[in-house]
Protein chains: 2
Amino acid sequence: MDISIIIGFIAAFLTTFSFLPQAIKTISTKNTDGISLSMYILFVMGVSFWILYGIFISDLAILSANIVTLLLSSPILYLKIRSVSKRA
Amino acid sequence: MDISIIIGFIAAFLTTFSFLPQAIKTISTKNTDGISLSMYILFVMGVSFWILYGIFISDLAILSANIVTLLLSSPILYLKIRSVSKRA
């Protein structure tokens, strides 16, 4: 297997699953203080575009990695919106 | 221009620059409470692998987007490590 494919797989795995500890921390502590709402709005929009892109070019790796990222980052966005709207 | 290229560009732009508001918020408030240290360790590692991948396959888009993401996410990681080590 070509070394670049292995590097690409490691990169995708790390950036995708890096959101798992953040999702666990946010869901368990409900603490979204230091988290930027605009970051997660932009990020979730961006990941949705990556999913659309994966569909358009029929790339299962891009599609699956970004579906996982969406599943992990959406609860963080939801909890941040909820905490901001509570304070409003 | 093919629609998928436009979608891919928007996706890359959004997920790359989504870290800008988080970097600004963290640098200005120094508040990293709700932020997960392990997320940013994994994420910065992952982005570094994307840069390596971009070099290997000579893809300027992947290389440039991930260099920007690295520049934006590294200060967040640094400030989180600093705040954790202060408390230790």
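Residues numbered from 1 in each chain as written. Chains lettered and ligands numbered in written order. Predicted model: local features only at pLDDT ≥ 70, side-chain atom pairs only at ≥ 80, totals over all residues. Heavy atoms only, no water.

An unreviewed UniProt entry lists chain A under the name Glutathione synthetase, from Zooshikella ganghwensis. Checking UniProt for chain A, the heading Subcellular location (unreviewed entry) contains the comment "Membrane". (UniProt positions renumbered as here; feature names shortened; annotations may be inferred.)

Trainee: Even after reading the chapter, I still don't get the overall build of chain A, so can you show me in this structure?
Mentor: A tally of regular secondary structure across chain A gives 4 helices and 0 strands. Along chain A, from the amino end to the carboxyl end, the secondary structure elements read α-α-α-α. With the C-alpha coordinates aligned to their principal axes, the bounding extent of chain A is approximately 50 × 25 × 15 Å. Taken over 88 residues, chain A has a buried fraction of 44%. For chain A, the accessible area works out to roughly 4600 Å², and carbon and sulfur atoms hold 75% of it. (Helix = DSSP H or I, 4+ residues; strand = E, 2+ residues; numbered from the N terminus. Buried < 20%, exposed > 50% of the residue type's maximum accessible area, 1.4 Å probe, protein only. Areas by Shrake-Rupley, 256 points an atom, 1.4 Å probe, with all protein chains shown as cover.)

Trainee: Just to check I follow, could you spell out the relation of the copies chain A and chain B for this structure?
Mentor: For the pair of chain copies, the relating operation is a rotation around an axis with a shift along it. Overlay of chain A on chain B (RMSD 0.0 Å): rotation 180°, translation along the axis 0.0 Å. Look at the turn and shift together and you get a two-fold axis relating the two. Within chain A, the C-alpha atom positioned nearest to the axis of rotation is that of A:Gly34, 2.4 Å from it. (Least-squares fit on C-alpha atoms with pLDDT ≥ 70 in both.)

Trainee: Just to check I follow, could you spell out the interface of chain A and chain B for this structure?
Mentor: Interfaces are often described in size by the accessible area the parts lose on coming together. Counting residues at the interface gives 36 residues for chain A, matched by 36 residues for chain B. Buried surface at the junction of chain A and chain B, summed over both partners, amounts to about 3000 Å²; 78% is from carbon and sulfur atoms. Joining chain A to chain B, the criterion identifies 0 salt bridges. Inspection of the chain A/chain B interface yields 6 residue pairs in polar contact (both at pLDDT 80 or more). Going through the elements one at a time, helix 1 (3-17), helix 2 (19-29) and helix 3 (37-56) of chain A are the ones with two or more residues in the side of chain A that touches chain B. Of all the elements, helix 3 of chain A adds the most residues to the side of chain A that touches chain B, at 13 residues. (Contact = heavy atoms within 4.5 Å. Buried area = accessible area lost by both parts, 1.4 Å probe. Salt bridge = Lys/Arg side-chain N within 4 Å of Asp/Glu carboxyl O. Polar contact = N/O pair within 3.5 Å; in protein donor to acceptor, adjacent residues only side chain to side chain.)

Trainee: Honestly, a nonpolar patch on the surface in this entry has me stumped. Any pointers?
Mentor: A surface patch of nonpolar side chains, amounting to about 780 Å² of accessible area, comprises A:Met1, A:Ile3, A:Ile5, A:Ile6, B:Leu52, B:Ile55, B:Phe56 and B:Ile57. Elements supplying a minimum of two residues to the nonpolar patch: helix 1 of chain A together with helix 3 (37-56) of chain B. In this structure, A:Ile5 sits in helix 1. (Patch = residues over 30% accessible without salt bridge, like charges linked within 9 Å, V, L, I, M, F, W, Y side chains within 5 Å.)

Trainee: Would you take a moment to explain unusual backbone geometry for this structure?
Mentor: Peptide bonds are trans in most cases, and residues, glycine excluded, mostly fall at negative phi. You will see that A:Lys30, though not glycine, has its phi angle at about 60°, which is positive. Counting through the fold element by element, A:Lys30 comes out in the loop between helix 2 and helix 3.

Trainee: Teacher, can you tell me more about the nonpolar core here?
Mentor: Within soluble globular proteins, side chains that are nonpolar tend to cluster in buried spots. Within the largest apolar cluster, 26 residues are counted, with the highest numbers of intra-cluster contacts made by A:Phe19, A:Met39, A:Tyr40, B:Phe19, B:Met39 and B:Tyr40. Looking at this core, the elements that each hand over two or more residues are helix 2, helix 3 and helix 4 (60-87) of chain A together with helix 2 (19-29), helix 3 and helix 4 (60-87) of chain B. If near-sequence neighbours (up to four positions away) are discounted, B:Tyr40 is found in contact with A:Met39, B:Phe19, B:Gln22, B:Ile35, B:Ser73, B:Ile76 and B:Leu77. (Core = buried A, V, L, I, M, F, W, Y, C linked by side-chain atoms within 4.5 Å.)

Trainee: Looking at this model, I keep getting lost on the environment of A:Phe17. Mind explaining?
Mentor: Mapping A:Phe17 onto the fold places it in helix 1. For A:Phe17, a relative accessible area of 33% corresponds to the partly exposed category. If near-sequence neighbours (up to four positions away) are discounted, A:Phe17 is found in contact with A:Val68, A:Leu72 and B:Leu42.

Trainee: What exactly am I supposed to notice about the environment of A:Ile57 here?
Mentor: Summarising the element assignment, A:Ile57 is placed in the loop between helix 3 and helix 4. Here the alpha-carbon distance between A:Ile57 and A:Met39, two residues 18 residues apart in the chain, equals 26 Å. Residues within four places of A:Ile57 in sequence aside, it is in contact with A:Ile62 and B:Ser4.

Trainee: Would you take a moment to explain the side chain of A:Lys80 for this structure?
Mentor: Position of A:Lys80 relative to the elements: it lies in helix 4. Within the buried set, A:Lys80 has no salt-bridge partner at all; the shortest N-O distance to an opposite charge, 5.7 Å, is to A:Asp33. (Lys, Arg positive; Asp, Glu negative; His and termini not counted.)

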